[in-house]
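This is what each chain is made of:
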Amino acid sequence: MPGRALPKYVAVIGGGEADPEVTALAYEVGRELARRGVVVLCGGLGGVMEAAARGVQENGGVCIGILPDPDRGRANPYLTYAIPTNLGHARNMVIVHAADALIAVNGGYGTISEAAIALKLGKPVAALRSDWNLPHLKAANTPQEAVSLTLDAL
């Protein structure tokens, strides 16, 4: 429909296992994105993904989980929609291509690969609590700053 404003899609990426401090940050990122009317994408499993999805759900937003599995069995319970792909780690590329921007909350090699591909594609990426750095990665100190840096770049 011409003239209709489409929502922004932001992926929240990070480890499937995370400590309480990291999951609290991911929850706040999800909360802030939901508050701003952004559709959130994630990998659909635990850790950072589950915490961000919970932040989205508890604040009235939409969170889509792109699962690595062939079915929805391992999807976290906070997703609005769960999409099984049977792609394993390759589902990370689906997440990156479907998102307008990404926010990394901590994370390891999988998170780094998603951020690197997004940056290669010219998409903005903000990072919270990352001990890694990539050219053009925007370091943030708070969840609110990560969301602002990301959305301002769109």
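Residues numbered from 1 in each chain as written. Predicted model: local features only at pLDDT ≥ 70, side-chain atom pairs only at ≥ 80, totals over all residues. Heavy atoms only, no water.

Asker: Break down helix H3 (residues 91–98) for me, citing the residues and quoting the values.
Answerer: Those residues of H3 that fall on the buried side of the exposure criterion are Arg-91, Asn-92, Ile-95 and Val-96. Take H3 and look down its axis: the buried residues cluster within an arc of 145°, on one side only. Elements in contact with the buried residues of H3: strand S1 (9–14), strand S2 (39–42), helix H2 (48–57), strand S3 (63–67), strand S5 (101–105) and helix H4 (109–120). (Buried < 20%, exposed > 50% of the residue type's maximum accessible area, 1.4 Å probe, protein only. Helix = DSSP H or I, 4+ residues; strand = E, 2+ residues; numbered from the N terminus. Arc of directions from axis to C-beta. Contact = heavy atoms within 4.5 Å.)

Asker: A description of the pairing of S5 should follow, citing residues and the corresponding values.
Answerer: Of all five residues making up S5, five are buried, and the element is well covered by its neighbours. Residues Ala-101, Ile-103 and Val-105 of S5 are buried on one face, and the alternating residues Leu-102 and Ala-104, pointing to the opposite face, are buried as well. Where S1 and S5 come together, five bridges link them in parallel fashion. Within the sheet, the bridge partner assigned to Ile-13 lies in S5 and is Ala-104. The pairing of S5 with strand S6 (residues 125–128) spans four bridges and is classified as parallel. From the neighbouring strand, Leu-102 faces S6, where its bridge partner is Val-125. Handedness of the crossover joining S5 and S6 through H4: right-handed. (Pairing = 2+ DSSP bridges. Right-handed = clockwise from strand over helix to strand, strands pointing away.)

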